[in-house]
Amino acid sequence: GFHRLGFEQATRAYAPAARQLIRQAGKSIHIMLYQARFYEEHPDSITNRILDDLADAARRGVDVRILVDTGSWQPEKNDYNLAFVERLTTAGVQVWEDDPEEVSHQKVLLVDDEVTLIGSLNWTHYSVSQNNEVAVIVYSRPLNEWFRGYYSERLKKARPYSNVEGSTRGTPRG
């Protein structure tokens, strides 16, 4: 069975569920993002709290890696994305910029070897607080393994950004 939520409840349940998964991670967190935003003017926003949870996970020894889209489609999002991930570099989070010639629209959170959170949500105020979005958490080693393979394939075309050997910013820790 599964727990059913009303449609509005389901959208609003995404951020608390993602935060819980991040806080419970014991080994690794791998993320593929299309768009994320830190809100300087709203320090208590939910996406800022997700960022803090990721930094805390890295500080406690969890291997946190983010692959972020910085392609030429909707280039205004690139500044937001890089400002979001730049805040994670001091915690040792490894960041890659996906191939700029491709649009990487996936939104996937992989936790340890079993948990996969897949959804339509960007990590922005409107996606997690106002839009109608969908997401599912799947507890499955085979699915997680498949997405880790996909993640590895995306990294082959990506540019190291921070805390990765050959990165353009931050201190390589690879």
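Reading the values: rules and limits
Residues numbered from 1 in each chain as written. Predicted model: local features only at pLDDT ≥ 70, side-chain atom pairs only at ≥ 80, totals over all residues. Heavy atoms only, no water. Salt bridge = Lys/Arg side-chain N within 4 Å of Asp/Glu carboxyl O. Helix = DSSP H or I, 4+ residues; strand = E, 2+ residues; numbered from the N terminus. Expected span 1.5 Å × (residues − 1). Buried < 20%, exposed > 50% of the residue type's maximum accessible area, 1.4 Å probe, protein only. Pairing = 2+ DSSP bridges. Axes fitted to C-alpha atoms, helices over the stretch in contact; angles between N-to-C directions. Contact = heavy atoms within 4.5 Å.

Draft legend 1. Spotlight on the pattern of salt bridges. A full pass over the atoms with the stated rule returns 10 salt bridges. Taking the shortest distance from any N to any O, the salt bridge between Asp113 and Lys27 comes out at 2.3 Å. Separated by 86 residues along the polypeptide, Asp113 in the loop between β4 (108-111) and β5 (115-119) and Lys27 in the loop between α1 (7-24) and β1 (28-33) bring together distant segments of the chain. A salt bridge links Asp98 to Arg154; the shortest N-O distance between them is 3.0 Å. Taken together, the residues span a long stretch of sequence, with Asp98 in the loop between β3 (94-97) and β4 and Arg154 in helix α5 (residues 141-157) at a distance of 56 residues.

Draft legend 2. Layout of helix α2 (residues 46-59). The terminal C-alpha atoms of α2, which comprises 14 residues, lie 20 Å apart, in line with the 20 Å expected from a rise of 1.5 Å per residue. By the criterion of burial, α2 is predominantly enclosed, with 10 of the 14 residues buried. If you check which residues of α2 are buried, you get Ile46, Thr47, Asn48, Ile50, Leu51, Asp53, Leu54, Ala55, Ala57 and Ala58. The first or second residue beyond α2 is Gly61, which carries a positive phi of 100°.

Draft legend 3. Geometry of the sheet that holds β3. Across the sheet, seven strands lie side by side as β6-β5-β4-β1-β2-β3-β7; this open sheet has mixed pairing. Every other strand in the sheet has two partners, leaving β6 (135-139) and β7 (159-162) as the edge strands with one partner each. Going across the sheet, the axis of each strand differs from the next one's by a mean of 15°, ignoring polarity. Relative to strand β2 (residues 63-68), β1 is paired through six bridges, and the arrangement is parallel. If you follow His30 over to β2, its bridge partner there is Arg65. Sheet contacts for α2: β1 and β2; angle to β2, the most-contacted strand, approximately 135°. Sheet strands in contact with α5 are β1, β2, β3, β4, β5, β6 and β7, and its direction is about 60° off that of β1.

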